[in-house]
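So you can see what is in the structure, the chains are spelled out below.
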Amino acid sequence: NNNNNNNTEDDTEKVLLSASPMSPLVIAMDTEISKMDEQIKNLDVRRQALQQECTQIGESIGRKVDEADRSRDVLTSLQKKLNEIQTKIEREQTALTLAETGIQLQKETLALHEIKIKAVDSEKLVLEDLRNKLTGEREDLVRDQKQQNQQQQNQQNQYGVHTNNGNGQRRPPPGGTNGSST
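This structure is a prediction, so every number in the text was calculated from the model and none was measured. (Residues numbered from 1 in each chain as written. Predicted model: local features only at pLDDT ≥ 70, side-chain atom pairs only at ≥ 80, totals over all residues. Heavy atoms only, no water.)

Caption draft 1: Looking closely at the overall build of the protein chain. Broken down by element type, the protein chain carries two helices and two strands. Beginning at the N terminus, the succession of helices and strands in the protein chain can be written as α-α-β-β. Out of the 182 residues in the protein chain, the part that is buried amounts to 1%. With an accessible surface of roughly 17,100 Å², the protein chain has 54% of that area assigned to carbon and sulfur atoms. (Helix = DSSP H or I, 4+ residues; strand = E, 2+ residues; numbered from the N terminus. Buried < 20%, exposed > 50% of the residue type's maximum accessible area, 1.4 Å probe, protein only. Areas by Shrake-Rupley, 256 points an atom, 1.4 Å probe, with all protein chains shown as cover.)

Shown next, in the form of structure tokens:
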């Protein structure tokens, strides 16, 4: 019977609590709890949005990594080609330098040959001048000798003077004694 009595007291207390208006402290606590529930919901939504952004950023990073890898591969390839081009440039630069040196040497050789040609031309002019002078003197000498020979011949024919085989002694002309008549 006593047990029944206790149960009745508990029930009565419950009825009194539910029937009586709630105390301001309880109401304030309920309000805070509701605000906190709302904040927790908002935080969950915010966390979900942030999580979604993280996923998007992760995917973007993945794409950027792929792009970076492709760019790195392209750069490596271009660097290799650049090195090959640089080697070719150096090779061609060397060839150009050698060619230019060869050209310069050829030009110097050509200049020396031109100087030698001028020297040969000059020597030829001098020789031709000397030859012409010598030829002129020879012609003069031959002409003079012809004239002298002609004069001697004329004198010999005129005076009848004969030399004995060129020894300078005079011989009487044939049929007379030194040109005097007897």
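Caption draft 2: Molecular detail of the pattern of salt bridges. Taken as a whole and judged by the stated rule, the model has five salt bridges. Measuring nitrogen to oxygen at the nearest pair gives 3.9 Å for the salt bridge that ties Lys 124 to Glu 128. Taken together, the positions of Lys 124 and Glu 128, both in helix H2 (residues 24–159) and four residues apart, correspond to about one turn of that helix. For Glu 128, a relative accessible area of 35% puts it in the partly exposed group. (Salt bridge = Lys/Arg side-chain N within 4 Å of Asp/Glu carboxyl O.)

Caption draft 3: Quick look at a nonpolar patch on the surface. On the surface, Met 22, Val 26 and Ile 27 cluster together into a nonpolar patch covering about 270 Å² of accessible area. One can find Val 26 in helix H2. (Patch = residues over 30% accessible without salt bridge, like charges linked within 9 Å, V, L, I, M, F, W, Y side chains within 5 Å.)

Caption draft 4: Examining the environment of Thr 94 more closely. Structurally, the position occupied by Thr 94 is in helix H2. Residue Thr 94 is classed as partly exposed on the basis of its relative accessible area of 46%. Of note is the side chain of Thr 94, whose polar atom sits 2.9 Å from the backbone oxygen of Glu 90. (Polar contact = N/O pair within 3.5 Å; in protein donor to acceptor, adjacent residues only side chain to side chain.)

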